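So the chains spell out like this:
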Amino acid sequence: MRKLKYLFMVIITLVMVTSCFEDDTTLDLNDDGLNVVTFERIASSLTAEANGEEYDFDVKVRISGPTVMDLTNDVTVTFTATDASTAVDGEHYRINNPTVTLTADNNYLGLLSITLITEGNSPPMDGTPEYEKYIAPELYLEISATGDDKVTGSGKIGEFTLNFTAPNPYKGVYDTEMRYYHPTAGGSHPSLGAAFDPDDPYGGIRNSQKELVAVTGRKCETGFAVWPETDLCWITVNPDNSVEFEVADTWTYEVKLGDPFNPELVSHFDPDTRQIFLYYHYEGSGGARIFHEVFTPTF
């Protein structure tokens, strides 16, 4: 019983210490009866493909505190980049409204508008030595507030990573042809040996469309196998046109590249036809589930 008592005391002490360190600035200001202006999210990533265009992002700001419901005055909020920023104004970004007026009618909520300038800001392509050393520009913003003595800046710096991505030549909509071989559910399967008919896979030959959405200059996201509505996967085309394949953790089986019955089938990108040939499988009860999937671009 004594050990349990000591354990309980230790837990209570840790909780109290954690609470003391959590949001010290805001708590101190609130103890003084002040309300604070803050970003809804202190740290954010603003992502845009560096294709020469400009992209606008809205960042939410708000007032919170013990007497925010009693406020009536308009509050003018000013955003200023700190010297710690590596992002350069006019080169990497532009702040379209360096001051924002928060009003009671709008529940003291507002939007900061930031434009990402992608012209000349393409990062190195993945798979290069330069890519491994690349660090995205960072924008650090501090907030000040005027218009009401009971409102002040929170003192917390907004941290924004300007995530420029290299143009991805593989993104777009593809026609897909899939052969899905299942060992126990009918149709033909490679395990049948000489009796195998590749034109009679379980479920037939499935024709559909999938969109490859750019994640980096070489990596794309799309729907997985015959379950594109519920599970995701990622396809990366390497500089040598080989293909890497990754499936989301929501899929419980380990998915591997290749056809276990035919080692000559290797996933790859064909630079002449711009088709992606994807061969993968996973082990289930009764044997391997095998997928032959060909992506043909429509663009």
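Scroll up to find the structure.
None of these values were measured; they are calculated from a predicted model. (Residues numbered from 1 in each chain as written. Predicted model: local features only at pLDDT ≥ 70, side-chain atom pairs only at ≥ 80, totals over all residues. Heavy atoms only, no water.)

Caption draft 1: Highlighting the layout of surface pockets. In this model, the largest pocket occupies a volume close to 240 Å³. Contributing to the lining of the largest pocket are 17 residues, with Ser208, Gln209, Lys210, Ala225 and Pro228 lying nearest its centre. Mapped onto the lining of the largest pocket, the elements with two or more residues apiece are strand E11 (172-181), strand E12 (205-214), strand E13 (219-224) and strand E14 (227-237). Per element, the largest residue contribution to the lining of the largest pocket is six residues, and it comes from E12. Of the residues assigned to the lining of the largest pocket, the class counts are six nonpolar, five polar and six charged. (1 Å grid on protein atoms, 1.4 Å probe; cavity = no way out; pocket = protein on both sides within 12 Å on 5 of 7 lines; lining within 4 Å. Points joined across faces, edges and corners; volume = space filled by probe spheres on them. Helix = DSSP H or I, 4+ residues; strand = E, 2+ residues; numbered from the N terminus. Nonpolar A, V, L, I, M, F, W, Y, C, P; charged D, E, K, R; others polar.)

Caption draft 2: Geometry of the nonpolar core. Membership of the largest hydrophobic core comes to 30 residues, with the highest contact counts inside it found for Val37, Phe39, Ile63 and Ile114. If sequence neighbours within four positions are ignored, valine 37 has contacts with Arg62, Ile63, Val75, Val77, Leu102, Ile143, Ala145, Val151, Thr152, Gly153 and Ser154. Counting residues in each nonpolar core, the second largest holds 23 residues, with Ile235, Val237, Trp251 and Leu278 among its members. (Core = buried A, V, L, I, M, F, W, Y, C linked by side-chain atoms within 4.5 Å. Buried < 20%, exposed > 50% of the residue type's maximum accessible area, 1.4 Å probe, protein only. Contact = heavy atoms within 4.5 Å.)

Caption draft 3: Spotlight on the pairing of strand E15 (residues 243-247). The alternating pattern of E15 places Val243, Phe245 and Val247 on a buried face and Glu244 and Glu246 on a face that is not buried. In this structure, E14 lies alongside E15, joined through five bridges in antiparallel fashion. Its bridge partner being in E15, valine 237 is matched across the sheet by valine 243. Linking E14 to E15, which pair antiparallel, is a turn of five residues; within it asparagine 241 sits at a positive phi near 75°. (Pairing = 2+ DSSP bridges.)

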